[in-house]
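Each chain is listed here by its residues.
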Amino acid sequence: MRITKISVKKLFGVFDHEIPLNQESRITILHGPNGVGKTVLFRMLDGLFSSKYSVFREIPFERFCVEFSNGHALAVEQRFPIQQMRLVEPDQPIAYASFSRLGAQIEISHSQTDGTGIRPYSPEYSRARGRRISGIVASIPELERIGSDRWWDAASGETLTVEDIADLYDLDPARYPETKPKWLQHISDQVNIRFVQAQRLQSPSDPIEFRNAFEHGRNSVSSTATVERYSEEIARKIRNTIAIYGQSSQRIDSSFPNRLMDASAIHQLRAEALQTKLAQLEAKSSELMELGLFERKDVPDLPKLGLAQENLTNVLSVYVQDIEEKLSVFDEIANQLDILTSIINDRFQHKKLLIEKQDGFVVVASNGQRIPIASLSSGEQHELVLFYQLLFAVKPNTLILIDEPEISLHVNWQEQFLADIQRASKLGDYDILIATHSPDIIGDKHDWMVGLGEGEPA
């Protein structure tokens, strides 16, 4: 189920926006002056599907609606002091959940198409739940305090307020059963939102430091460069893939003698085909080594097929097929790393991004000297962080929200941005919604653009 349209009425009491998403290109660009609500729309969309409903209490609006490819729509309405959320089908209300402003009552209800099965839910709200936040934080290792009223959610990479945490964890059925209505949970399970925020270069420090700060009453903890965190993540991903490769190799090798004896199971290749296969496997091994997935000692020992060995084609056929199966474990991560390093190294000047299984991202200057990853310019870090997320951190069937991708980017980089986004998106099943002020990012893709604020009062 894909999102097809997003709309809002009377945002800030002024703006009516309607945003149809491009279904063919799967990339939609929001363009407009400051103050028309581009980032706020992203926050509302993200809040709706991640149960962070506080954004709907903070922002003045009348109605926010998301339409889906199956004809359904999810709407949030603000009627001071009541806001309502409804799931509607053409001509047939399905269910609704209502909740009110800070400190007032929440009511969530669900009804079937025949009007039966109404189950109202009235959880305790903000102030009462707010007193429980310290207990919630203490029990959730993903939450790290970074201010007097701000927590970092390491799982989602987002900054949360007290209200966000109360909404997110009180309505999460995995932690508090029978809270979120089933109809709303069903939709949330089908729609993934990934919000790539404009400020994405810093992450709070590890949970141990957070807990120490929390226990001693300090309101903040140090932060670390996001590129360093992603560098550690990619190193773990590589080591995990290598471990799977080792297990797969042992399984395949252990069955080699039996499969060799089973003539019916052998797909025997001609000598010419074997030569081609061996050359392809040698090239693939070299590529894996270049991408940091193999070391020289790990490269499979591939024989050279001469005329004298043509009588061994049955044995070599099984051997080659085994090597192909073993190396296939690396296909996904190799494709991801190939695109990532290609895009980033097209940007870098006088330096190169390499990947190592122990250190993750390694940047080497043209003179061979290593450069600390956190010492990259803000523009270089923005690109590395963004494309890492697109290639490694996005689930299929996701709508990715990218806020101000032009930050710290040279004009030439902005001009290449959409082409690189398209290249990265070929590996993933997702849609992209971009908010930008930059005409250089839009380029000639005016048919992908939705203008906001034009003709409306500022």
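Residues numbered from 1 in each chain as written. Predicted model: local features only at pLDDT ≥ 70, side-chain atom pairs only at ≥ 80, totals over all residues. Heavy atoms only, no water.

(A) Just unusual backbone geometry, in detail. A positive phi angle is found at Asn397, which is not glycine, with a value near 60 degrees. Checked against the element boundaries, Asn397 lands in the loop between α13 (378-392) and β18 (398-403). The exposure class of Asn397 is partly exposed, given its relative accessible area of 23%. A positive phi angle, near 50 degrees, is found at Glu404, a position not held by glycine. (Helix = DSSP H or I, 4+ residues; strand = E, 2+ residues; numbered from the N terminus. Buried < 20%, exposed > 50% of the residue type's maximum accessible area, 1.4 Å probe, protein only.)

(B) Region of the structure containing the pairing of strand β1 (residues 3-11). When β1 meets strand β4 (residues 63-68), the two strands line up antiparallel, connected through six bridges. Residue pairing in the sheet places Ile6 in a bridge with Val66 of β4. Of the pairings in the sheet, the one linking β1 to strand β2 (residues 15-20) comprises five bridges and is antiparallel in character. For Lys5, the partnering residue across the bridge sits in β2 and is Pro20. Two successive antiparallel strands, β1 and β2, enclose a turn made up of three residues, where Phe12 displays a positive phi of approximately 60 degrees. (Pairing = 2+ DSSP bridges.)

(C) Region of interest: the pairing of strand β16 (residues 360-365). Burial within β16 is extensive, with six of its six residues counted as buried. Here strand β15 (residues 351-356) runs beside β16; their pairing, made up of six bridges, is antiparallel. Following the sheet pairing, Lys351 is matched in β16 by Ala365. The antiparallel pairing of β15 with β16 creates a hairpin that spans three residues between the two strands. The sheet contact formed by β16 and strand β17 (residues 370-371) spans two bridges and is antiparallel. Counted as the bridge partner of Val363 is Ile371 from β17. Between the antiparallel neighbours β16 and β17 lie four residues, among them Gly368 with a positive phi of about 90 degrees.

(D) Region of interest: the packing of aromatic side chains. Inspection of the entire model under this criterion finds ten aromatic pairs. For the pair Phe361 and Tyr388, a centre-to-centre distance of 6.0 Å together with 85 degrees between the ring planes defines the contact as edge-to-face. Placement of the pair is Phe361 in strand β16 and Tyr388 in helix α13, with a sequence separation of 27 residues. The class for Tyr388 is buried, based on a relative accessible area of 0%. One cation-aromatic arrangement involves Lys351 over Phe348; the distance from NZ or CZ to the ring centre is 5.6 Å. (Phe/Tyr/Trp six-rings, centres within 6.5 Å; stacked < 30°, edge-to-face > 60°. Lys NZ or Arg CZ within 6 Å of the ring centre and 35° of its normal.)

Take it as geometry only, folks, not as evidence of what the structure does.
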